[in-house]
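# Coordinate analysis (summary)
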Amino acid sequence: MKALFIAFNQAYGNEIVELLEANGQRGFTRFDGVSGKGSNEGIPRFDSHAWPEYNNAILTIVDDDKIPDLLASIKAKDEETPDLGLRAFVWNIENMY
């Protein structure tokens, strides 16, 4: 099992949830109003007067074999609109109940 953390610009709306569903991934936890700044070229998203945009994030636990297709779908969506900001990170899950 893997943990997939996806940080994305709020402008994506429900597109990321739809992407998960299209890849057969049902369960997730969504965090709205996440602040941050990309490590390379990303602009700040602080939901403030100076930086009014914000991000959302999703954490989902995924079977190992689904990760390559999910990452490919996320990368394709990011390449369609690179200025919005979309990143995914994968961690191993040791245990869960």
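### Let's talk about the pattern of salt bridges
Summed over the entire model, instances satisfying the criterion amount to 5 salt bridges. Here E79 ties to K75 by a salt bridge, and the two come within 3.0 Å at their closest N and O atoms. Of this pair, E79 and K75 both sit in helix α2 (residues 67–80), 4 residues apart, which is roughly one turn of that helix. Residues D78 and R87 are paired through a salt bridge, measuring 3.0 Å at the closest nitrogen-oxygen approach. Using a relative accessible area of 14% as the deciding quantity, one classes D78 as buried.

### Considerations on the environment of Q25
Relative to the helices and strands, Q25 resides in the loop between α1 (15–22) and β2 (29–34). Taking the C-alpha atoms as reference, Q25 lies 14 Å from A72; in sequence the two are 47 residues apart. Sequence-distant contacts of Q25, that is, excluding residues within four places in its chain, are made with L20, T60, I61, V62 and K66. For Q25, the side chain forms a polar contact with the side chain of T60, separated by 2.9 Å.

### A closer look at α2
Along its 14 residues, α2 runs 20 Å from first to last C-alpha, staying within 8% of the 20 Å computed at 1.5 Å per residue. Turning to α2, its buried residues number three or more, namely I67, L70, I74, K77 and D78. Along the axis of α2, the buried residues cluster in a sector spanning 100°; they form a single face. α2 presents P68, D69, K75, E79 and E80 as exposed residues on the side facing more than 90 degrees away from its buried surface. Summarising the contacts, the buried residues of α2 are in contact with β1 (2–9), α1, β3 (55–62) and β4 (86–92).

### What about unusual backbone geometry?
With a phi close to 50°, D47 is a non-glycine residue in the positive phi region. Mapped onto the elements, D47 comes out in the loop between β2 and β3.

### A few points about α1
For α1, the full list of buried residues reads I16, V17, L19 and L20. Seen end-on, α1 carries its buried residues on one side only, within an arc spanning 155°. Residues of α1 that are exposed and angled more than 90 degrees away from the buried face: E21 and A22. Tucked inside the fold, the buried residues of α1 contact β1, β2, β3, α2 and β4. At the exit of α1 stands G24, carrying a positive phi of roughly 75°.

Definitions and cut-offs
All residue numbers here refer to positions counted from 1 along the written sequence of the relevant chain. With pLDDT at 70 or above as the cut-off, local features in this predicted model cover only qualifying residues; side-chain atom pairs require 80 or more to be listed or tallied, and sums for whole chains, interfaces and linings still use all residues. In computing side-chain properties, one takes all heavy atoms of the structure into account and sets aside hydrogens as well as water. Criterion for a salt bridge: a side-chain nitrogen of Lys or Arg within 4 Å of a carboxyl oxygen of Asp or Glu. Segments assigned H or I by DSSP are reported as helices when at least four residues long, segments assigned E as strands when at least two residues long, and all are numbered from the N terminus. Buried, partly exposed and exposed residues are distinguished by accessible area as a fraction of the type maximum, computed with a 1.4 Å probe on protein chains only: under 20%, between the cut-offs, and over 50%, respectively. Residues count as neighbours in contact if any of their non-hydrogen atoms are within 4.5 Å of one another. In the analysis that follows, any N or O atom pair within 3.5 Å is treated as a polar contact, provided that within protein one partner can donate a hydrogen and the other can accept it, and provided that, for residues neighboring in sequence, both atoms belong to side chains. Here the expected length of a helix is defined as 1.5 Å per residue gap, with one fewer gap than residues. By definition, the arc is the one covered by directions from the helix axis to the C-beta atoms.

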